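Each chain, written out:
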Amino acid sequence: MSMKKEEVVIFGAGLVGSLLSIYMVKAGFRVTVYEKRSDPRKTNLYAGRSINLALSIRGIRALETVGLSEDLKKMVIPMKGRRMHDVEGNLTFQPYGKEGQYINSISRGGLNERLVMRAEELGVSVLFDHKCVEVDLDNTRATIQGDGQLFDIEADVMFGADGAFSAMRQSFLKQDRFSYEQYYIEHGYKELSIPPATNGDFAIAPDGLHIWPRGNFMLIALPNLDKSFTCTLFFPFEGDPSFQSIQNAQDIDQFFKKYFPDTLDLIPDLIDQYTSNPTSSLVTVRCYPWVKERCMMLGDASHAIVPFYGQGMNSGFEDCYLFDELARSHGYDWGTVLGAFQKTRKKDADAIADLALKNFVEMRDHVADERFLVQKKVEALLHELYPQEWTPQYTMVTFSHAPYSEAWNRGNLQHKVIQPFLTQDVINNPETIDHEGVINALRSVL
Ligand SMILES: Cc1cc2nc3c(=O)[nH]c(=O)nc-3n(C[C@H](O)[C@H](O)[C@H](O)COP(=O)(O)OP(=O)(O)OC[C@H]3O[C@@H](n4cnc5c(N)ncnc54)[C@H](O)[C@@H]3O)c2cc1C
């Protein structure tokens with residue numbers, strides 16, 4: 001049964017809303033997107049700062065499905081592994097996966113603009129400076145503020161892709177039996193920028209994601225096409241050291257000299273940047289249901305996560321891909337599709353939220369730990385020897401389309417199974433791992 005030319009409304013022309021609008025217009029619907037911000041092509045939304053994200057295969061598949069492969073090729077910088085900086089400035093490299101596996105640095109603003117442009121080319125009407133104020137979930141109506149006035153709209157189906165502080169979710173909050181949790185970690189973040197070197201090239205190697213792990217906090221850097229890097233300092237709000245304890249130019253200078261000495265030459269205007277760039281918080285949002293009648297939330301609106309697995313956007317893009325696949329298989333019968341989607345997807349949204357929280361500890365602390373590094377090596381070896389039976393959790397999340405919940409369960413089980421085999425001898429010489437023993441132990445608990 002086809003219901004083509006029905007009216008689809010989407011709130012939010014961010015990464016997920018604009019991609020969803022492309023899927024919907026390609027499926028033959030009339031699509032209108034209401035976006036609270038001004039058109040980034042006409043304003044300087046990012047104020048000259050390039051902010052980048054790690055894009056991996058879940059996101060790539062969703063973008064390629066709507067014909068964006070060629071655009072992507074021109075927009076990404078491959079990152080093959082972690083480039084770790086210790087306090088003395090020594091560098092080590094940890095590959096993310098096997099030869100040929102990498103994640104990609106991409107500009108948030110550049111990708112968002114490309115998606116909006118593609119949506120418009122296909123006939124989507126994107127209304128900037130139009131804010132969703134409230135949604136009448138039972139009647140698929142909403143109140144919009146735009147052009148200096150409030151007005152009501154209606155549609156056959158409405159999607160809330162309006163991010164971690166979703167207006168549609170506010171309307172869900174007024175419903176009976178709507179469960180909701182928001183959880184702020186103790187850390188916030190601040191972005192800084194490493195300009196290109198004086199010869200115009202990248203100042204540090206662009207083929208990896210740079211990390212300065214320092215126990216309770218860390219600095220990371222991802223490359224941009226203009227040969228700069230965007231750094232992010234993930235740092236506690238309170239305590240010593242913290243955003244609170246660093247108050248003036250001298251504190252900033254001393255802190256960076258002590259913990260990140262090799263960045264001082266890379267960021268010449270460090271003090272200016274540190275003082276003028278904002279400090280932002282990091283939230284995890286879990287809620288359920290995501291659907292009421294013909295209204296549904298997706299992306300950060302229904303499952304915002306901390307950024308440490310580089311999967312927030314990827315999971316939102318995967319939402320679009322999986323939702324469209326399901327919708328197609330049900331002939332876009334919204335009455336069935338919306339409910340079916342939330343039922344299958346919720347456990348995966350919960351799993352990636354947990355994985356992201358767990359990966360923060362791994363990135364800022366464990367990556368500098370010998371036992372952890374040996375485990376990584378041994379797991380890579382097991383994956384090579386038994387590719388069907390052993391896949392490292394990071395590989396399942398980043399380089400596969402396996403449901404996140406499967407990656408969470410299987411990865412945790414593998415972690416438990418391998419511990420007794422990581423003896424001091426194996427730590428000294430990872431090649432000596434009893435790989436048959438590990439695989440048999442795994443088989444016995446499956
Ligand atoms: C520091 C940081 C680093 C990250 N790094 C990565 C990474 O490396 N890889 C990755 O995959 N993910 C990453 N993420 C996560 C990623 O940014 C989000 O998951 C992604 O942006 C979610 O997309 P979205 O479209 O759901 O929400 P958003 O991108 O937040 O877009 C929501 C849109 O809705 C609009 N809006 C809000 N309210 C209204 C309203 N009332 N009416 C109309 N419009 C409205 C907003 O203006 C916005 O344009 C990172 C996040 C942070 C904070």
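Keep in mind that what you see is a predicted model, and the values were worked out from it rather than measured.

About the criteria used
- Residues numbered from 1 in each chain as written.
- Predicted model: local features only at pLDDT ≥ 70, side-chain atom pairs only at ≥ 80, totals over all residues.
- Heavy atoms only, no water.
- Near = heavy atom within 4 Å.
- Polar contact = N/O pair within 3.5 Å; in protein donor to acceptor, adjacent residues only side chain to side chain.
- Areas by Shrake-Rupley, 256 points an atom, 1.4 Å probe, with all protein chains shown as cover.
- Nonpolar A, V, L, I, M, F, W, Y, C, P; charged D, E, K, R; others polar.
- Helix = DSSP H or I, 4+ residues; strand = E, 2+ residues; numbered from the N terminus.
- Expected span 1.5 Å × (residues − 1).
- Buried < 20%, exposed > 50% of the residue type's maximum accessible area, 1.4 Å probe, protein only.
- Domains from an automatic or database assignment.
- Contact = heavy atoms within 4.5 Å.
- Buried area = accessible area lost by both parts, 1.4 Å probe.
- Core = buried A, V, L, I, M, F, W, Y, C linked by side-chain atoms within 4.5 Å.
- Axes fitted to C-alpha atoms, helices over the stretch in contact; angles between N-to-C directions.
- Parallel < 35°, antiparallel > 145°, perpendicular 65-115°, else oblique.
- Left-handed = near helix turned anticlockwise from the far one by under 90°.

Turning next to the site of the ligand. Every one of the 27 residues lining the ligand counts as a neighbour, but Glu-35, Ala-54, Arg-108, Cys-132 and Asp-300 are closest to it. Note that an oxygen atom of the ligand is positioned 2.8 Å from one of the side-chain N or O atoms of Asp-300. A distance of 3.3 Å separates a nitrogen atom of the ligand from a polar backbone atom of Gly-312. When isolated, the ligand has an accessible area of 1,000 Å², and the protein chains bury 87% of it. Tallied by class, residues from the shell around the ligand come to 11 nonpolar, 9 polar and 7 charged.

Over its 14 residues, helix H4 (residues 108-121) runs 20 Å from end to end, which matches the ideal 20 Å to within 8%, given 1.5 Å per residue. Where H4 is concerned, the buried positions are Gly-109, Leu-111, Asn-112, Arg-114, Leu-115, Val-116 and Ala-119. With a side-chain oxygen positioned 3.4 Å from the backbone nitrogen of Gly-109, the residue opening H4 is Ser-107. The positive-phi residue at the C-terminal boundary of H4 is Gly-123, with phi of around 110°.

With that settled, the discussion passes to the domain arrangement of the chain. A common way to express how large an interface is: the accessible area buried when the components associate. Annotation of the chain at the domain level lists domain 1 (7-76 + 106-182 + 284-358), domain 2 (184-281) and domain 3 (369-445). Spacing between the C-alpha centres of domain 1 and domain 3 amounts to 35 Å. Across the contact, 17 residues belong to domain 1 and 14 residues belong to domain 3. A buried area of about 1,400 Å², summed over both sides, lies between domain 1 and domain 3, and 59% of it is on carbon and sulfur atoms. It is Ile-57, Arg-58 and Tyr-309 that lose the most area in domain 1 upon contact with domain 3, and together they represent 41% of the buried surface on that side. At the level of elements, helix H2 (57-65), helix H9 (312-329) and helix H10 (334-364) are the ones that each hand at least two residues to the side of domain 1 that touches domain 3. A breakdown of the residues in the side of domain 1 that touches domain 3 according to their chemical character gives 5 nonpolar, 4 polar and 8 charged.

Moving on, we get to the nonpolar core. Membership of the largest hydrophobic core comes to 71 residues, with the highest contact counts inside it found for Phe-11, Met-24, Met-158, Phe-159, Phe-317, Phe-323 and Trp-334. The biggest single contributor to this core is helix H1 (residues 15-26), with 8 residues. Tyr-309, Ile-352, Val-367 and Tyr-404 belong to the second largest nonpolar core, which has 32 residues in total.

A few words on the packing of H1 against H9. Viewed as axis vectors pointing N to C, H1 and H9 meet at an angle of 20°, and their least axial separation amounts to 9 Å. Classified by the angle their axes make, H1 and H9 are roughly parallel. H9 is crossed by H1, and the crossing has right-handed handedness. Facing Leu-15, Val-16, Leu-19, Leu-20, Tyr-23 and Met-24 of H1, the residues of H9 in contact are Met-313, Gly-316, Phe-317, Cys-320, Tyr-321, Phe-323 and Asp-324. By residue class, the composition of the contact of H1 with H9 is 11 nonpolar, 1 polar and 1 charged.

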